[in-house]
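Fold and geometry: a report
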Amino acid sequence: MIKVEEWDGLQTNVVIHGAFEEVYKKAQIRADLLVTSPPYPTSTTRYIPSIGGNANDRGAVTRNQLYSKGHAKVGEADYLRWAQLCIGFAPLVFFNIPARVLDYDLGAKPFNHIVWVKTNGAVPFAHKGVVRFHEFILLFGDHKRLNKPMRSVWEMASQRGSDHPAPFPINLPARAIHYGSKPGDLVFDPFGGSGTTAAVAKAMNRRWLTCDTEQEFCEMMDDRIARVRTSGDGSQLGGRGGD
């Protein structure tokens, strides 16, 4: 792990402690593929239980309290800025969003999207109405960079029980990397979190780059990625690239 102030703008296969905006300004390289999930928008500081349960029960202290507090003001303007930076950093972008962000103005129209159906259900965030068991992955950039056709619906369980409040399931970045890059390409995740995208990229013999504003998460990513061996297909992590 290095601080963004110490990064030379060229080094890859490294965890950077710093904000995406800072990394973008300093970067002298661009990625071949960007796979990410920005912080979820929250209008209040209500807390989310990390594993199952009722989201309206706010009594227990969880790791997600810090996460929710830190991102309590995330909204449409943030998503607009992040989407534009992502599109400027790579020619192909997989941009994961919750359903409520679909109406946001992101400054560009995706060439397509994927529906991620969470096969293990979802935490009910509302007292009434429709409980969403799906999210969207917006595809920006050049569709010709996809290696082959892929399905528009991805059915996979969400990851639970992690030290990070919102980790990617391994198969999500594995599938994106399989379809959107080739060995040796550079894969970037500007909201590194638990480090799943970078770990899978390393396992699949891609160069990788990731960053996060939280030092604790950067240290966690550094340790996790260091233990990953290159297997070519990500199988050592339990993921699989294709459908």
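Residues numbered from 1 in each chain as written. Predicted model: local features only at pLDDT ≥ 70, side-chain atom pairs only at ≥ 80, totals over all residues. Heavy atoms only, no water.

On to the pairing of strand β7 (residues 153-156), then. Of the two faces of β7, only one is covered, namely that formed by Trp154 and Met156; the face formed by Val153 and Glu155 stays uncovered. Here strand β5 (residues 112-118) pairs with β7 via 4 bridges, running parallel. Looking across to β7, one finds that Val117 is bridged to Glu155. (Buried < 20%, exposed > 50% of the residue type's maximum accessible area, 1.4 Å probe, protein only. Helix = DSSP H or I, 4+ residues; strand = E, 2+ residues; numbered from the N terminus. Pairing = 2+ DSSP bridges.)

The next point concerns the nonpolar core. Core analysis: the largest hydrophobic core is formed by 34 residues, its most contacted members being Trp7, Ile16, Phe20, Tyr79, Phe95 and Phe188. Mapped onto this core, the elements with two or more residues apiece are β2 (14-17), α1 (20-26), α3 (76-89), β4 (92-98), β6 (134-141), β8 (186-189) and β9 (207-212). When residues of this core are assigned to their parent elements, the largest contribution, 6 residues, is made by α3. Once residues lying within four places of it in the same chain are set aside, the contact partners of Phe95 are Thr36, Pro38, Tyr79, Trp82, Ala83, Cys86, Leu106, Phe136, Ile137, Leu138 and Phe140. Counting 31 residues, the second largest nonpolar core, distinct from the first, contains Val15, Leu146, Ile177 and Ala198. (Core = buried A, V, L, I, M, F, W, Y, C linked by side-chain atoms within 4.5 Å. Contact = heavy atoms within 4.5 Å.)

So, on to the packing of aromatic side chains. In this structure the tally under the stated criterion is 12 aromatic pairs. By the ring-pair criterion, three or more aromatic residues cluster together here, those being Phe20, Tyr24, Tyr79, Trp82, Phe89, Phe95, Tyr104, Phe140, Phe188 and Phe191. If you follow Arg30 out to its NZ or CZ, it ends over the ring of Tyr24, 4.6 Å from the centre. The residue whose ring lies beneath Arg30 is Phe89, and the NZ or CZ to ring-centre distance is 4.9 Å. (Phe/Tyr/Trp six-rings, centres within 6.5 Å; stacked < 30°, edge-to-face > 60°. Lys NZ or Arg CZ within 6 Å of the ring centre and 35° of its normal.)

A separate point is the environment of Val153. As for its placement among the helices and strands, Val153 is situated in strand β7. Exposure remark for Val153: the relative accessible area of 39% places this residue in the partly exposed category. Once the C-alpha coordinates of Val153 and Phe136 are considered, the two residues, 17 residues apart in sequence, prove to be 9.4 Å apart. When neighbours within four sequence positions are excluded, Val153 is seen to be in contact with Val115 and Val117.

This paragraph deals with the environment of Ala27. Summarising the element assignment, Ala27 is placed in the loop between α1 and β3 (33-36). In this structure, Ala27 is in contact with Trp7, Gly9 and Phe89, ignoring residues within four places of it in sequence.

Bringing the pattern of salt bridges into the picture now. In this structure the tally under the stated criterion is 7 salt bridges. Here Arg81 ties to Asp78 by a salt bridge, and the two come within 3.2 Å at their closest N and O atoms. Residue Arg81 and its partner Asp78 are both found in helix α3; the two are separated by 3 residues, about one turn of the helix. Within the structure, one salt-bridge network assembled from shared partners comprises Glu21, Asp78 and Arg81. (Salt bridge = Lys/Arg side-chain N within 4 Å of Asp/Glu carboxyl O.)

Along the polypeptide, Ser37 turns up in the loop between β3 and α2 (63-70). A residue is classified by how much of its surface remains accessible, and Ser37, at 18% relative accessible area, is buried. Excluding residues within four positions of it along the chain, Ser37 makes contact with Asn96, Phe168 and Phe191.

Helix-helix packing: each pair is described by the crossing angle between the helix axes and the interaxial distance. At a minimum axis distance of 9 Å, the contact between helix α5 (residues 196-203) and helix α6 (residues 215-226) shows a crossing angle of 20 degrees. In terms of orientation, α5 and α6 fall into the roughly parallel class. Handedness of the crossing formed by α5 with α6: right-handed. Along the contact surface, α5 presents Thr196, Ala198, Ala199 and Lys202, while α6 presents Arg224, Ile225 and Ala226. Split into classes, the residues belonging to the contact of α5 with α6 amount to 4 nonpolar, 1 polar and 2 charged. (Axes fitted to C-alpha atoms, helices over the stretch in contact; angles between N-to-C directions. Parallel < 35°, antiparallel > 145°, perpendicular 65-115°, else oblique. Left-handed = near helix turned anticlockwise from the far one by under 90°. Nonpolar A, V, L, I, M, F, W, Y, C, P; charged D, E, K, R; others polar.)

Time to look at the packing of helix α4 (residues 171-180) against α5. Axis separation between α4 and α5 bottoms out at 9 Å; the angle between their running directions is 50 degrees. It follows that α4 is oblique to α5 by the angle criterion. Considering how the two elements wind past one another, α4 and α5 form a crossing that is right-handed. Contacts between α4 and α5 pair Pro173, Ala174 and Ile177 from the former with Thr196, Thr197, Val200 and Ala201 from the latter.

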